[in-house]
Amino acid sequence: MIGKRKEVWVGILFMIDLFFLSLSWVSAFWLRFHLPIIPVTKGIPPFTDYAVLLIAIYVTWLPVFHYARLGETSLGHRRRVAFLNILKAVFLHLLLFVAVAYFFREYKYSRVVLFYFVFLNLVFLNMDRFLLMKIVKHYGKQTKESLLVVGMGDMGLQVASCLRGRPELGLK
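Summarised in this report is the structure supplied together with it.

How each quantity is defined
Residues numbered from 1 in each chain as written. Predicted model: local features only at pLDDT ≥ 70, side-chain atom pairs only at ≥ 80, totals over all residues. Heavy atoms only, no water. Helix = DSSP H or I, 4+ residues; strand = E, 2+ residues; numbered from the N terminus. Buried < 20%, exposed > 50% of the residue type's maximum accessible area, 1.4 Å probe, protein only. Polar contact = N/O pair within 3.5 Å; in protein donor to acceptor, adjacent residues only side chain to side chain. Core = buried A, V, L, I, M, F, W, Y, C linked by side-chain atoms within 4.5 Å. Contact = heavy atoms within 4.5 Å. Salt bridge = Lys/Arg side-chain N within 4 Å of Asp/Glu carboxyl O.

## Concerning the environment of T60
Mapped onto the secondary structure, T60 falls in helix 3 (residues 53-67). A relative accessible area of 4% places T60 in the buried class. Only 2.7 Å separates the side chain of T60 from the backbone oxygen of A56, close enough to count as a polar contact. Side chain to side chain, T60 and H93 meet in a polar contact 2.9 Å long.

Here it is as C-alpha cells:
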C-alpha cells in the first residue's frame, strides 16, 4: 500500500511539474516578445518555433526529475533543502535542454527567453512544492491509516521516526 501511494505521489508531482514547465515556457515567450522589458531588435518569431521545443522540455525533464530525486520531496524536508534541490534540477535541465534544442532546429532561440524560463521555473516549481506540501499536510491530518511498528529497539524507533517524518504517506 505504501509503495502504491508513493508511485501515485511521484506521478502527480511529475505531471504538475510538466504543467508548470509548459506554463514557464509559454510565459517566457510572452514576456520576451509581447511585453518586451528588453527591447526586441530582431523581430518577433512565430510561437510555433518555440512551441515545438515543449517536446524537448518534456523529454529532458524526466531524467532530471529522477536524478534530482524531486519525486522524493517530503514534508520532512526543510524549505531550504527543497529549494536547493529544485535549483539544482532547473540548472541541470537548462543544460540538457540547451544541448537538445541545439540539435532540434537550426533556428537560434532567444537567450532572454531562456533566462525568463529559468526564473519562472524556479518560482513556479517552488510555489508548486510549497502549496502541495500544505495541501498534503492538511489532507494527511484528516485521513490516516494506522501502522504498527513492532520492536522497541533502536531499529524500531528509527523506523517509527522515519515514518513520522513522511506525512504524505498518510500513516499514523
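On we go from here.
## Things to note about the nonpolar core
Note on soluble globular proteins: their nonpolar side chains tend to be buried together. In terms of nonpolar packing, the biggest core is built from 42 residues, with W25, W61 and F97 touching the most fellow members. Where this core is concerned, the elements lending two or more residues are helix 1 (2-33), helix 3, helix 4 (79-104) and helix 5 (111-142). For this core, the element with the highest residue contribution is helix 5, accounting for 13 residues. Sequence-distant contacts of F97, that is, excluding residues within four places in its chain, are made with W25, L53, A56, I57, T60 and L114.

## Concerning the pattern of salt bridges
Inspection of the entire model under this criterion finds two salt bridges. R129 serves as the salt-bridge partner of D17, at 2.7 Å between the closest nitrogen and oxygen. Taken as a pair, D17 in helix 1 and R129 in helix 5 lie far apart in primary sequence, 112 residues in all. Between R129 and D128 there is a salt bridge; the shortest N-O distance is 3.0 Å. The same class applies to R129 and to D128, which are both buried. Each of the salt bridges in this network shares a partner with another, and the network as a whole consists of D17, D128 and R129.

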